Amino acid sequence: MDFLIGVDGGGTGTRAVVLDARSQRMVGQGEAGASALTQGVEQAWKHVMQAIAAALEGSGRMLRPEHCAIGLGLAAVNVPSLTQGFLAQAPAFARLALDTDGYAMLLGAHEGRPGMVVAAGTGSVGVALMPDGERRTSGGWGFPVGDEGSGARLGLEAMRHAQWALDGRAPVGALAQAVYARIGRDAQTLVSWSNQANARLWAQLAPLVFENQHQDPAAQQLLQKAADQLAQLAEALDPQGELPLVFNGSIGQRLQSLQPDHLLGRCRTPYGDATHGALLLLKDPAALKRSRV
């Protein structure tokens, strides 16, 4: 075995970490574009392999899949048809373990021990590993039905507020002005952009909500609403309030400070990230079994 590879892939980007299989030392880290399966299986593999190539760049070593073990935590692995298509196009890795990006993040955050992660980036999901080995999930239904508290939903809410401000149902404050500056002020432009936007594009508006939270009460309200929705994911996973909790993802981390005290008291610093968790998938029988679908 040459390398152990851990991959974290979502709707915005893909990260890969490569370890020397013998020494367990880091060879490199790399990044590429999105590899959520909902955006296409071919794209997913393209960006996974690009991220691995970037991690190996400068090392002087070549990738031979048949001499590598790879663990992948990818968005939308919970959709069987997409998972089957993804595995059908897999290079001939010596060992392949596959699970959701949320579960990889959970394993990495708690070093494979019982705990809970509420992750919010482009999308959102809550995942827990119970002391008896039971695995629980809340949310993760995908945009636009789910992904409450996520970047995509925050961006959509920002656009809704800007549209309401344009037709007189909301005040034209800093948040609405920021959306107009980014997209355009006339109704036709806003409608046209909205009709062709996907979750990734909606999420690009989420930073505007954070940037204007101190100038605009509407932005503050949207952030608190998103934080409350993430709290609901945590409480659904662990009603007894026993598990350690990590808020993760670009949105989740920024909304942690808005959580209620009973959740903040259980928050922990993550042990590792989702690429670390993806490496731990190689020890997970369920993830290895899934790789042979």
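See the structure above.
These lines cover the structure that appears in this document, whether it is placed above or below. (Residues numbered from 1 in each chain as written. Predicted model: local features only at pLDDT ≥ 70, side-chain atom pairs only at ≥ 80, totals over all residues. Heavy atoms only, no water.)

**Regarding the overall build of the chain**
Per the secondary structure count, the chain includes 13 helices and nine strands. Against the globule reference of 19 Å for 293 residues, the chain gives a C-alpha radius of gyration of 20 Å, in line with a compact fold. The dimensions of the chain, computed from C-alpha atoms along their principal axes, are 65 × 45 × 35 Å. Within the chain, contacts between residues separated by at least 24 positions form 63% of all contacts whose residues are at least 6 apart in sequence. Of the charged side chains in the chain, 24 are positive and 26 negative, and the gap between their average positions amounts to 4 Å. (Helix = DSSP H or I, 4+ residues; strand = E, 2+ residues; numbered from the N terminus. Rg over C-alpha atoms; globule rule 2.2 N^0.38 Å. Contact = heavy atoms within 4.5 Å. Lys, Arg positive; Asp, Glu negative; His and termini not counted. Charge placed at Lys NZ, Arg CZ, Asp CG, Glu CD.)

**Observations concerning the nonpolar core**
Formed by 46 residues in total, the largest nonpolar core has its most connected members in Leu154, Met159, Trp193, Trp202, Val209, Leu245 and Leu255. When residues of this core are assigned to their parent elements, the largest contribution, 10 residues, is made by helix H9 (residues 217-237). Those residues in contact with Leu245 that sit more than four places away from it in its chain are His110, Met116, Val118, Ala234, Leu263, Arg266, Cys267 and Arg268. (Core = buried A, V, L, I, M, F, W, Y, C linked by side-chain atoms within 4.5 Å. Buried < 20%, exposed > 50% of the residue type's maximum accessible area, 1.4 Å probe, protein only.)

**Side note on the pattern of salt bridges**
Per the stated rule, a full pass over the model turns up 10 salt bridges. A salt bridge links Arg169 to Asp167, with the nearest nitrogen and oxygen atoms 3.0 Å apart. Relative accessible area serves as the criterion here: at 54%, Arg169 is assigned to the exposed category. Taking relative accessible area as the criterion, Asp167 reaches 47% and is therefore assigned partly exposed. Connected through salt bridges with shared partners, the residues Asp8, Arg15 and Asp273 form a single ionic network. (Salt bridge = Lys/Arg side-chain N within 4 Å of Asp/Glu carboxyl O.)

**Overview of the sheet that holds strand S6 (residues 115-120)**
Either a parallel or an antiparallel arrangement is found when strands of a sheet pair, and the pairing is made through backbone hydrogen bonds. Reading across the sheet, the four strands line up as S8-S7-S6-S9 and stay open at both edges, with mixed pairing between neighbours. A strand with exactly one partner marks an edge of an open sheet, and here the two such strands are strand S8 (135-139) and strand S9 (245-248). Averaged over all pairs of adjacent strands, the angle between strand axes in this sheet comes to 15°, irrespective of strand direction. One ladder, built from five bridges, connects strand S7 (residues 124-129) with S8; its direction is antiparallel. Residue Val125 lies in a different strand from S8, and its bridge partner there is Gly139. (Pairing = 2+ DSSP bridges. Axes fitted to C-alpha atoms, helices over the stretch in contact; angles between N-to-C directions.)

**Some remarks on the environment of Val17**
With respect to the element layout, Val17 can be found in strand S2 (residues 14-20). Given a relative accessible area of 5%, Val17 falls into the buried group. The spacing of Val17 and Val145 is 128 residues in sequence and 32 Å in space, taken between C-alpha atoms. With sequence-adjacent residues up to four places away left out, Val17 is seen in contact with Leu4, Ile5, Gly6, Met26, Gly28, Gln29, Thr275 and Leu279.

**Comments concerning the sheet that holds S2**
The five strands are arranged S3-S2-S1-S4-S5 in an open sheet whose pairing can be described as mixed. Looking at the sheet topology across the chains shown, the edges are occupied by strand S3 (26-32) and strand S5 (95-100). Ignoring which end each strand starts from, the neighbouring axes of this sheet average 10° apart. The pairing of strand S4 (residues 68-74) with S5 spans six bridges and is parallel. Bridge pairing in S5 places Gly73 opposite Asp99. Here helix H2 (residues 80-88) sits on the sheet and contacts S4 and S5; the angle it forms with S5, its principal contact strand, is near 155°.

**Here we look at the side chain of Asp8**
Take Asp8: it is sitting in strand S1 (residues 3-9). The residues touching Asp8, leaving out its near neighbours within four places in the chain, are Gly13, Thr14, Arg15, Gly73, Asp101, Ala274 and Thr275.

**Some details on the packing of aromatic side chains**
Across all of its chains, the model carries three aromatic pairs by this definition. On the basis of an interplanar angle of 0° and a centroid distance of 4.2 Å, the ring pair of Trp45 and Phe86 is categorised as stacked. Here Trp45 is found in helix H1 (residues 41-56), whereas its partner Phe86 is found in helix H2, with 41 residues between them in sequence. Phe86 matches Trp45 in its accessibility class, with the two residues each being buried. Among the aromatic side chains, those forming a connected cluster through ring pairs are Trp45, Phe86 and Phe93. (Phe/Tyr/Trp six-rings, centres within 6.5 Å; stacked < 30°, edge-to-face > 60°.)

**Points about the packing of helix H4 (residues 151-166) against H9**
How two helices sit against one another is set out by the angle between their axes and by the gap between those axes. Contact pair H4 / H9: the axes reach a minimum separation of 11 Å and the direction vectors enclose 145°. Our pair here, H4 against H9, has a crossing hand that is right-handed. Along the contact surface, H4 presents Leu154, Glu157, Ala158 and His161, while H9 presents Ala218, Leu222, Leu223, Lys225 and Ala226. Looking at side-chain class alone, the contact of H4 with H9 contains six nonpolar, one polar and two charged residues. (Left-handed = near helix turned anticlockwise from the far one by under 90°. Nonpolar A, V, L, I, M, F, W, Y, C, P; charged D, E, K, R; others polar.)

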